[in-house]
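Commentary on secondary and tertiary structure
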Amino acid sequence: MGAANVSSHFLTIAEVAAAMRVSKMTVYRLVKAHAIAAVRVGRSFRVPEEAVNDYIRRSTEPATRDQDDYKNGPAG
C-alpha cells in the first residue's frame, strides 16, 4: 500500500476564515458544499492550503462584457 501525500500545509477553519476575510460559518458552508476540500480530524476540520488556493482560482472570473461596459460606458 502506498503512502498518502501529506506534504501540504493544513489550515484550521479559523485560519481559512481569517485568510479569506470571511466568517468561520462561511468556511463551514463551503466545506459542506464540497466547494473547498477538507479532512475531518476527530471533531474538527483541516483544510489543505492548496484547496483554498484552488477555490480562489476557480472563483476568480475574468472581466465580463457587462463589466467592460460599466468601465467604458454603454456601446452605441
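Please refer to the structure higher up on the page.
Residues numbered from 1 in each chain as written. Predicted model: local features only at pLDDT ≥ 70, side-chain atom pairs only at ≥ 80, totals over all residues. Heavy atoms only, no water.

1. Concerning unusual backbone geometry
Applicable threshold: Here a helix means four or more residues in a row that DSSP labels H or I, a strand means two or more in a row labelled E, and each is numbered from the N terminus. Residue burial is assigned from relative accessible area. The probe radius is 1.4 Å, only protein chains are included, and a residue is buried under 20% of its type maximum, exposed over 50%, and partly exposed in between.
For R21, which is not glycine, the phi torsion reads 55° and is therefore positive. Summarising the element assignment, R21 is placed in the loop between α1 (13-20) and α2 (24-32). The phi dihedral of H34 falls on the positive side, at around 65°, and the residue is not glycine. When its relative accessible area of 73% is taken as the criterion, H34 is described as exposed.

2. Some thoughts on the nonpolar core
Our working rule: Residues enter a nonpolar core if they are buried and are Ala, Val, Leu, Ile, Met, Phe, Trp, Tyr or Cys, with the set joined through side-chain atoms within 4.5 Å. Between two residues, a contact is recorded if the distance between any of their heavy atoms is within 4.5 Å.
In terms of nonpolar packing, the biggest core is built from 13 residues, with I13, V16, V27, V31, I36, V47 and V52 touching the most fellow members. Counting residues per element, the ones that place at least two in this core are α1, α2, β3 (44-48) and α3 (49-59). Excluding anything up to four places from it in sequence, V52 contacts L11, V16, M20 and V47.

3. Details of the sheet that holds strand β2 (residues 39-41)
Quick reminder of the rule: Think of it this way: DSSP has to see at least two bridges between two strands before they count as a pair. Between the N-to-C directions of two axes lies an angle of 0 to 180 degrees, each axis being a line fitted to C-alpha atoms and, for a helix, fitted only over the stretch in contact.
The strand order across the open sheet built from three strands is β1-β3-β2, with neighbouring strands paired in antiparallel fashion. With partners counted over all chains shown, the strands left at the sheet margins are β1 (10-11) and β2, one partner each. Here β2 pairs with β3 via three bridges, running antiparallel. Following the sheet pairing, V41 is matched in β3 by S44. With respect to the sheet, α3 is in contact with β1 and β3, its orientation differing from that of β3 by roughly 65°.

4. Re the pattern of salt bridges
This is how the line gets drawn: Take a side-chain nitrogen of Lys or Arg and a carboxyl oxygen of Asp or Glu: if they are within 4 Å of each other, that pair is a salt bridge.
Under the counting rule described, the total for this entry stands at two salt bridges. For E50, the salt bridge goes to R57, with nearest N and O atoms at 2.7 Å. One salt bridge in this structure joins D54 and R57, with 2.5 Å as the shortest N-O distance. Placement of the pair is D54 and R57 together in helix α3, with a separation of three residues, close to one helical turn. The exposure class assigned to D54 is partly exposed, which follows from its relative accessible area of 29%. Residues joined in a network through salt bridges with shared partners are E50, D54 and R57.

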